[in-house]
Amino acid sequence: MNVSSIVADPLDVETDLLCYITSSRSSSDVYGLKSVDISSIAERCVDDLNGRLGVIVTSTTLLNSTPRLLFAGSGSSMNPDTLRDVAGTISKRAQELGVKQFAIVCPDVQDHHSAASQIVEGCMLALYDFDAYKAEKADPRPDLTIICRHDIKKTVRMAKLTAEGVIYTRNISNQPPNECTPARLAEFAEVISQNKKVECTILAGSDLTEGGFGGINAVGQGSANTPRLIILEYKGGSGPPIALVGKAVTFDTGGISIKPGERMDEMKFDKCGGCTVLGTIKTISEMNLPINVVGLIPSVENMPGGQSYRPGDIIRLYGGKTTEIVNTDAEGRLILADALAYAEEQFSPRCMIDLATLTGACIIALGCDTAGMISDNDELASDVCQSGIRTAENVWRLPLNPDYMEMIKSKVADIRNLVPGRAAGTIAAAAFLKSAIKETPWLHLDIAGTAWMQPPSKKRSYNKSGATGFGVRLLLDYLQNSTH
Ligand code: BES
Ligand code: MN
Ligand code: ZN
């Protein structure tokens, strides 16, 4: 999608559809609308609109040389997501109207850069459509111009890259599991490493079996689609990297502890954590950020079969700890434990952030609009929380005191992959991850509820059905602010 910005009087801009976002109840303070010709139309539109959130009014009478006008309400109180959501609604209307191009007047708010970013993201993400497998393609996407009093070129460029990163992540997350195997994900990573600052290493086969990756091997051994550990190193700065680790189970049947059939198709989204890491590394390389980041994506398919691992097995994780397998459906923590331990040993990162569709319990606790966050480092937790607020990818911290570490002790091995009962399922999974790490500050995001649209996800104009790309905006915000 084409996106540009211009510093101009709105009425001097050539456009097919001139869009205003307003909380006003009268047109007098709508920037740029002083022209006598259209003031009466504007007044009627804004009256009808009455400032209501998400409501759109378009002018029906078209004056000869005047562009079509569109007014969208932003409601009376704005939050960090309002403009993204309203802009998304506008862009869909522009697409429906069939215009080739539309312009949005950046509303007169304090922070023009944040407003412009939200508008670009909202428009681009709302027009996203996963139509790769459909004969009938989405309608063409109109070009967007943002009209602003200030120069926002760089902001628009970064916002566009951000939105493209989210779209990339959605695209690979939405791939069906018959196409998107661990090997295919590795191919996506290799494409990303065409950027000069990105290096890609794929561990497979004997690299994994002889390398001691007991978790990845155990989970992957039941599938003909063999596992991979995908490693992407982005070198744009100096000093130890930040490690991003993402769970990529390309399909989670549950294995021998097989899941019930209902909605099992959605377990193609069990790779979303890994897809978010791929999209984030791709985008920081395009943004050329002055930092070092390493992404690690353990990827497996969790299938039942004659070769599968079983409940009762005892396996040795990377780094040497043994774990009792109580349930083969608690597979994410096994592959992540390997990847986290390897990341710490291999890269001595300054911190590690992992993302995983790890527990259904997280949906029970927080619903589908907030990710669970667990960390052993208050500063890291606070920074990520702030990024979550700024990007409207909200997280909520859950505790992990030493008491919780007791839960995962096993009678026959060092730890077990499942705790009896249903108490604190999200924290128990995090405790398992924590036990794989020696001393590196670590933060875990459970994105089981937020990675794709599922009931009761809140409707947002810019989130279609399917994968949301959750975490890309959050991580990019965090990484852009981590260059101190
Ligand atoms: N991938 C699932 C978690 C999940 C379930 C995410 C539903 C989103 C929606 C994970 O591998 C899993 O199966 N977790 C189990 C853990 C249990 C066996 C301890 C779960 O949440 O039921
Ligand atoms: Mn599972
Ligand atoms: Zn899973």
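The sections below set out a description of the structure shown in this document. (Residues numbered from 1 in each chain as written. Chains lettered and ligands numbered in written order. Predicted model: local features only at pLDDT ≥ 70, side-chain atom pairs only at ≥ 80, totals over all residues. Heavy atoms only, no water.)

So, about the coordination of the manganese ion (ligand 2). In the first shell of the manganese ion (ligand 2), the protein supplies Asp252 (OD), Asp329 (O), Asp329 (OD) and Glu331 (OE), at 2.0 to 2.2 Å from the metal. Seen from the manganese ion (ligand 2), its six donor atoms lie at angles of 69 to 166°, and the figure they make is irregular. Look at where the donors of the manganese ion (ligand 2) fall in the sequence and you get D-x76-D-x1-E. A separation of 3.2 Å is found between the manganese ion (ligand 2) and the zinc ion (ligand 3), both of which receive a donor from Asp252. Of this pair, Asp252 sits in strand 10 (residues 248-252) while Asp329 sits in the loop between strand 13 (322-324) and helix 9 (332-347), and the two are 77 residues apart along the sequence. Residue classification places Asp252 among the buried residues on the basis of a relative accessible area of 3%. (Donors = N, O, S within 2.8 Å, 3.2 Å for Na, K, Ca; no water. Tetrahedral: all angles 85-135°; square planar, octahedral: opposite > 155°, others 65-115°. Helix = DSSP H or I, 4+ residues; strand = E, 2+ residues; numbered from the N terminus. Buried < 20%, exposed > 50% of the residue type's maximum accessible area, 1.4 Å probe, protein only.)

Under the criterion given, the structure shown has 24 salt bridges. When the shortest N-O distance is used, the salt bridge between Glu331 and Lys247 registers 3.0 Å. Taken as a pair, Glu331 in the loop between strand 13 and helix 9 and Lys247 in the loop between strand 9 (242-246) and strand 10 lie far apart in primary sequence, 84 residues in all. Just as Glu331 is buried, Lys247 falls in that class too. For the salt bridge of Asp252 with Lys259, the shortest nitrogen-to-oxygen distance reads 3.9 Å. Overlapping salt bridges bring together Asp81, Arg84, Glu121, Asp369, Glu393, Arg460 and Arg473 as one network. (Salt bridge = Lys/Arg side-chain N within 4 Å of Asp/Glu carboxyl O.)

Around the zinc ion (ligand 3), the protein supplies Lys247 (NZ), Asp252 (OD), Asp270 (OD) and Glu331 (OE) as donor atoms, at distances of 2.0 to 2.4 Å. The site at the zinc ion (ligand 3) holds six donor atoms, and with the angles between them running 78 to 173°, its shape is octahedral. Considered as a linear motif, the donors of the zinc ion (ligand 3) on their single chain read K-x4-D-x17-D-x60-E. For Lys247, a relative accessible area of 2% puts it in the buried group. Accessibility expressed as a relative area gives 1% for Glu331, which makes it buried.

Taken together, the three strands give an open sheet; going across it, the order is 12-13-17, and neighbouring strands pair in mixed fashion. Each having just a single partner strand, strand 12 (314-316) and strand 17 (415-416) make up the two edges of the open sheet. Two elements, strand 12 and strand 13, share three bridges in a ladder whose sense is antiparallel. Among the inter-strand pairings, Ile315 is bridged to a residue of strand 13, identified as Thr323. (Pairing = 2+ DSSP bridges.)

It is worth spelling out the site of ligand 1 at this point. Neighbouring ligand 1 are 17 residues, the closest being Asp270, Asp329, Glu331, Gly360 and Leu418. The contact in question runs from an oxygen atom of ligand 1 to an N or O atom on the side chain of Asp329, over 2.7 Å. In the model, a nitrogen atom of ligand 1 is placed 3.2 Å from a nitrogen or oxygen of the Thr357 main chain. Burial of ligand 1 by the surrounding chains reaches 79%, relative to a free accessible area of 520 Å². Structurally, ligand 1 is housed in the largest pocket. Tallied by class, residues from the shell around ligand 1 come to six nonpolar, four polar and seven charged. (Near = heavy atom within 4 Å. Polar contact = N/O pair within 3.5 Å; in protein donor to acceptor, adjacent residues only side chain to side chain. Areas by Shrake-Rupley, 256 points an atom, 1.4 Å probe, with all protein chains shown as cover. 1 Å grid on protein atoms, 1.4 Å probe; cavity = no way out; pocket = protein on both sides within 12 Å on 5 of 7 lines; lining within 4 Å. Sits in = over half its atoms within 2 Å of the grid points. Nonpolar A, V, L, I, M, F, W, Y, C, P; charged D, E, K, R; others polar.)

Here we take up the packing of aromatic side chains. Tallied over the entire structure, the rule returns six aromatic pairs. Taking 5.9 Å as the distance between ring centres and 50° as the angle between the ring planes, the aromatic pair formed by Phe130 and Tyr133 counts as tilted. The exposure class of Tyr133 is partly exposed, given its relative accessible area of 47%. In textbook terms, an aromatic cluster arises when at least three aromatic residues are bridged by ring pairs, as seen for Phe213, Tyr318 and Tyr342. Arg84 extends its terminal NZ or CZ atom over the ring of Tyr462, reaching a point 6.0 Å from the ring centre. (Phe/Tyr/Trp six-rings, centres within 6.5 Å; stacked < 30°, edge-to-face > 60°. Lys NZ or Arg CZ within 6 Å of the ring centre and 35° of its normal.)

Glancing now at the layout of surface pockets. Approximately 1200 Å³ is the volume found for the largest pocket. Taken together, 41 residues make up the lining of the largest pocket; nearest its centre are Lys259, Asp329, Thr359, Gly360 and Ala361. Sorting the residues of the lining of the largest pocket by element identifies helix 9, helix 10 (360-366) and helix 13 (425-434) as the ones contributing at least two each. Taken together, the residues of the lining of the largest pocket sort by class into 20 nonpolar, ten polar and eleven charged. As a volume, the second largest pocket reaches approximately 480 Å³. Taken together, 18 residues make up the lining of the second largest pocket; nearest its centre are Ser114, Ser117, Glu121, Asp477 and Gln480. Per element, the largest residue contribution to the lining of the second largest pocket is five residues, and it comes from helix 4 (residues 153-173). Grouping the constituent residues of the lining of the second largest pocket by class yields four nonpolar, eight polar and six charged. (Points joined across faces, edges and corners; volume = space filled by probe spheres on them.)

So, on to the nonpolar core. Ranked by size, the top nonpolar core spans 88 residues in total, and within it Ile90, Phe102, Ile104, Leu278, Ile353 and Leu479 carry the most contacts. Of all the elements, helix 4 adds the most residues to this core, at nine residues. With near-sequence residues (within four places) excluded, Ile90 lies in contact with Cys19, Ile21, Ile56, Leu70, Ala72, Phe102 and Ile104. Within the second largest apolar cluster, 48 residues are counted, among which are Val219, Leu229, Ile231 and Ala339. (Core = buried A, V, L, I, M, F, W, Y, C linked by side-chain atoms within 4.5 Å. Contact = heavy atoms within 4.5 Å.)

Distances and angles like these do not, on their own, reveal function.
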